[in-house]
Amino acid sequence: MYLIHVRLRAAAGAVLPPDVAGIFTSFADGDDSVEHIAVHPDAPDGPTLGLFLAAPSLAAAEAAAARLSRRAVAGHASLRGFAVVASEAPLLPGPWWGTA
């Protein structure tokens, strides 16, 4: 299972729909291997969706998340004004970070 963050950029006045996780899920197909989608509408770098994918590799998960995101943004009227900025695994600090 891989967590892939999909960062969106909103055009001026665009509002993230409250059911964005459901919208993205409705555009998923079997090849995407989506297990769960978490939404962070107020993330510091813009709206971010956390896609949990049961893909065979990190590269496959990132590619699936990118394909799904492009389909959803292009295909759903309530996502007009949004663009996919990034689709990548987040770097998370481990317990060894910050130690001397």
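Residues numbered from 1 in each chain as written. Predicted model: local features only at pLDDT ≥ 70, side-chain atom pairs only at ≥ 80, totals over all residues. Heavy atoms only, no water.

**Some words on the pattern of salt bridges**
If you walk through the whole model with that rule in mind, you get two salt bridges. Between Arg-71 and Asp-29 there is a salt bridge, with its nearest N and O atoms 3.9 Å apart. Of this pair, Arg-71 sits in helix α2 (residues 58–75) while Asp-29 sits in the loop between α1 (20–26) and β2 (34–40), placing them 42 residues apart in sequence. Arg-71 sits in the partly exposed class, given a relative accessible area of 29%. (Salt bridge = Lys/Arg side-chain N within 4 Å of Asp/Glu carboxyl O. Helix = DSSP H or I, 4+ residues; strand = E, 2+ residues; numbered from the N terminus. Buried < 20%, exposed > 50% of the residue type's maximum accessible area, 1.4 Å probe, protein only.)

**Comments concerning the sheet that holds β2**
The sheet built from four strands is open, its strands ordered β2-β3-β1-β4 with antiparallel pairing. Each edge of the open sheet is held by one strand with a lone partner, namely β2 and β4 (82–88). Neighbour to neighbour, the strand axes of the sheet diverge by 25° on average, direction disregarded. Bridge count for strand β1 (residues 2–10) against β4 is six bridges, and the pairing is antiparallel. The residue bridging Ala-10 from the neighbouring strand is Phe-82, located in β4. (Pairing = 2+ DSSP bridges. Axes fitted to C-alpha atoms, helices over the stretch in contact; angles between N-to-C directions.)

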